[in-house]
Amino acid sequence: MSAQTTHPQVTVFGAYGHTGRFVVAELLERGFTPVLSGRDAAKLAASSSSAADSGPEIRPASVGDPAALDRALSGADAVINCAGPFATTAAPLIEAALRAGIPYVDVAAEIEANHDTFTHFADRARSAGTVIVPAMAFYGGLGDLLATAAMGDWKSADEVHVAYGLSGWHPTAGTRAAGQVSHDRRAGRRVRYRDGALAYHDAASPTLTWSFPEPMGERSVLGDFTMADAVTIPSHLPIPDVHVYMATEAANDLASSATPAPEPTDERGRSAQTFLVDVRVRRGSEERRASASGRDIYAITAPLAVEAVHRILTGQTRATGVASAGAVFDAPDFLRALSDQLSVEVAP
């Protein structure tokens, strides 16, 4: 794809949602021209009036109306899907992106929705010569970038461990809705990635201790807390076992229906939540490690998704078709590009 010389136009579907608003703000800050889309015209208008003095263009559309989706993507250089549940929205938006001949990026954390994207659209996207990047977010994208950076010159590994050290987790309404969809699709079972495949099981998550880098140090975590990394990492790295852990405080917050949604505490609208993602890859007796820390898992998704679009539109990609972040981008360079919002350490 040729480099863009002016302000690329990017349609943001779900622009008035919690993460969508961060994405629109990031696009504006970086000189893109966002087009706000989603099914609720009133919420789009409110988001447009609060986003900038001039107000980005709004194009209401629903996933059940292909013609409206085509209008929403008309003239766009790319589309970012921020509207969950992605089990419902991803496929119609990808179809619209393929019709428009533009790249598609989403921020899906749903394991099954991401697996569906790889399964159903890989051949068509590759044939079209376009790029589809699912899970380009805190869950899925960041873990994949860290695992890829940690691998370095290794061509394969025996296992990867991704540990999420969150100070807490105040889930958005969208997170809860997507989680319910995934729960229903699994009939209440849990999922893990072992021996090269996703597998469902009924065992309870074990409580373990994880030694995070300082200053976090040792923390109690739940094991088998599988997230989208179980789809993104093995999509391109020959690693048969993916282990995911979540800080018990955050897991308890998510499990409680009484936990409120995140509240803004700074001028950028970020919550006070902090995170540290610690990734270790093992090959035989050798281990390599990469970690990233920052603030607000929803806010950090915006620079991840927008940097992905920037690199796609400027030809900084390694693949076409459906590809995870680590497969399509130079992982260490991508992480360095986010240094103003993400502290990263790679320690082979």
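Just above, that's the structure.
Now for a quick tour of the structure.

### So, the overall build of the protein chain
Then, number 1: Broken down by element type, the protein chain carries 12 helices and 16 strands.
Then, number 2: Relative to a compact globule of 348 residues, whose C-alpha radius of gyration would be 20 Å, the protein chain shows 19 Å and is just as compact.
Then, number 3: If you line up the protein chain on its principal axes, its C-alpha atoms span 55 × 45 × 40 Å.
Then, number 4: Split into buried and exposed, the 348 residues of the protein chain put 54% on the buried side.
Then, number 5: For the protein chain, the share of sequence-separated contacts (at least 6 apart) that also reach a separation of at least 24 residues comes to 71%.
Then, number 6: In the form shown here, the protein chain has an accessible surface area of approximately 14,100 Å², with 49% of it arising from carbon and sulfur atoms.
Then, number 7: The distance from the centre of the 29 positive side-chain charges to the centre of the 40 negative ones in the protein chain is 2 Å.

### Overview of the pairing of strand β11 (residues 218-222)
Then, number 1: As paired elements, strand β10 (residues 207-211) and β11 share 5 bridges and run antiparallel to each other. Within β11, the residue paired with leucine 208 across the bridge is valine 221.
Then, number 2: What sits between β10 and β11 in their antiparallel hairpin is a turn of 6 residues, with glycine 217 showing a positive phi close to 70°.

### Brief notes about the sheet that holds strand β5 (residues 104-106)
Then, number 1: Ordered in space as β3-β2-β1-β4-β5-β6-β15, the 7 strands form an open sheet in which the pairing is parallel. In the strand order of this sheet, the two ends are held by β3 (57-60) and β15 (321-322), each with one partner.
Then, number 2: Pairing geometry for strand β1 (residues 9-13) and strand β4 (residues 78-81), over 4 bridges, is parallel. Residue pairing in the sheet places valine 12 in a bridge with isoleucine 80 of β4.

### Examining the nonpolar core
Then, number 1: Counting 105 residues, the largest nonpolar core has Met136, Phe138, Leu142, Tyr164, Leu166 and Trp169 as the members making the most contacts within it.
Then, number 2: With residues near it in sequence (within four places) discarded, tyrosine 164 still touches Phe138, Tyr139, Gly140, Phe212, Met227, Asp229, Val244, Tyr245, Met246, Ala247, Leu276 and Val277.
Then, number 3: With 6 residues, the next largest nonpolar core counts Trp210, Val221, Tyr245 and Leu276 among its residues.

### Points about helix α10 (residues 301-313)
Then, number 1: Here α10 contains 13 residues, and its C-alpha end-to-end distance of 19 Å stays within 8% of the 18 Å for a straight helix at 1.5 Å per residue.
Then, number 2: Among all positions of α10, only Thr301, Ala302, Pro303, Leu304, Ala305, Val306, Glu307, Ala308, Val309, Arg311, Ile312 and Leu313 are buried.
Then, number 3: The first or second residue beyond α10 is glycine 315, which carries a positive phi of 75°.

### A few points about the side chain of arginine 219
Then, number 1: Summarising the element assignment, arginine 219 is placed in strand β11.
Then, number 2: On the basis of relative accessible area, arginine 219 is assigned to the buried category, the value being 16%.
Then, number 3: Ignoring sequence-local partners within four residues, the contact set of arginine 219 consists of Leu166, Ser167, Leu208, Thr209, Trp210, Phe212, Ala247 and Glu249.

### Describing the packing of helix α3 (residues 66-73) against helix α4 (residues 86-100)
Then, number 1: Contact geometry for α3 and α4: axes closest at 9 Å, N-to-C directions at 55°. One element, α3, and the other, α4, form an angle in the oblique class. The two elements α3 and α4 cross, and the hand of that crossing is right-handed. Of α4, the residues touching α3 (which contributes Pro66, Leu69, Asp70 and Leu73) are Pro92, Leu93, Ala96, Ala97, Arg99 and Ala100.
Then, number 2: Looking at the contact of α3 with α4 residue by residue, the class counts come to 8 nonpolar, no polar and 2 charged.

### So, the pattern of salt bridges
Then, number 1: Tallied over the full model, the rule gives 22 salt bridges.
Then, number 2: Glutamate 95 is paired through a salt bridge with arginine 124; the nearest N and O atoms lie 2.8 Å apart. Of this pair, glutamate 95 sits in helix α4 while arginine 124 sits in helix α5 (residues 111-128); the two residues are 29 residues apart in sequence, bridging distant segments of the chain.
Then, number 3: Residue arginine 124 is classed as partly exposed on the basis of its relative accessible area of 40%.
Then, number 4: Linked through salt bridges whose partners overlap, the residues forming this network are Arg30, Glu307, Arg311, Asp333 and Arg336.

### Quick word on the packing of α4 against α5
Then, number 1: It is the contact of α4 with α5, at a shortest axis distance of 10 Å, that shows an interaxial angle of 5°. Judged by the angle between their axes, α4 and α5 are roughly parallel. Between α4 and α5, the contacting residues are Phe86, Ala87, Ala90, Ala91, Ile94, Glu95 and Leu98 on the first element and Ala113, Thr117, Phe121, Arg124, Ala125 and Ala128 on the second.
Then, number 2: The residue makeup of the contact of α4 with α5, split by class, is 10 nonpolar, 1 polar and 2 charged.

Reading the values: rules and limits
Residues numbered from 1 in each chain as written. Predicted model: local features only at pLDDT ≥ 70, side-chain atom pairs only at ≥ 80, totals over all residues. Heavy atoms only, no water. Helix = DSSP H or I, 4+ residues; strand = E, 2+ residues; numbered from the N terminus. Rg over C-alpha atoms; globule rule 2.2 N^0.38 Å. Buried < 20%, exposed > 50% of the residue type's maximum accessible area, 1.4 Å probe, protein only. Contact = heavy atoms within 4.5 Å. Areas by Shrake-Rupley, 256 points an atom, 1.4 Å probe, with all protein chains shown as cover. Lys, Arg positive; Asp, Glu negative; His and termini not counted. Charge placed at Lys NZ, Arg CZ, Asp CG, Glu CD. Pairing = 2+ DSSP bridges. Core = buried A, V, L, I, M, F, W, Y, C linked by side-chain atoms within 4.5 Å. Expected span 1.5 Å × (residues − 1). Axes fitted to C-alpha atoms, helices over the stretch in contact; angles between N-to-C directions. Parallel < 35°, antiparallel > 145°, perpendicular 65-115°, else oblique. Left-handed = near helix turned anticlockwise from the far one by under 90°. Nonpolar A, V, L, I, M, F, W, Y, C, P; charged D, E, K, R; others polar. Salt bridge = Lys/Arg side-chain N within 4 Å of Asp/Glu carboxyl O.

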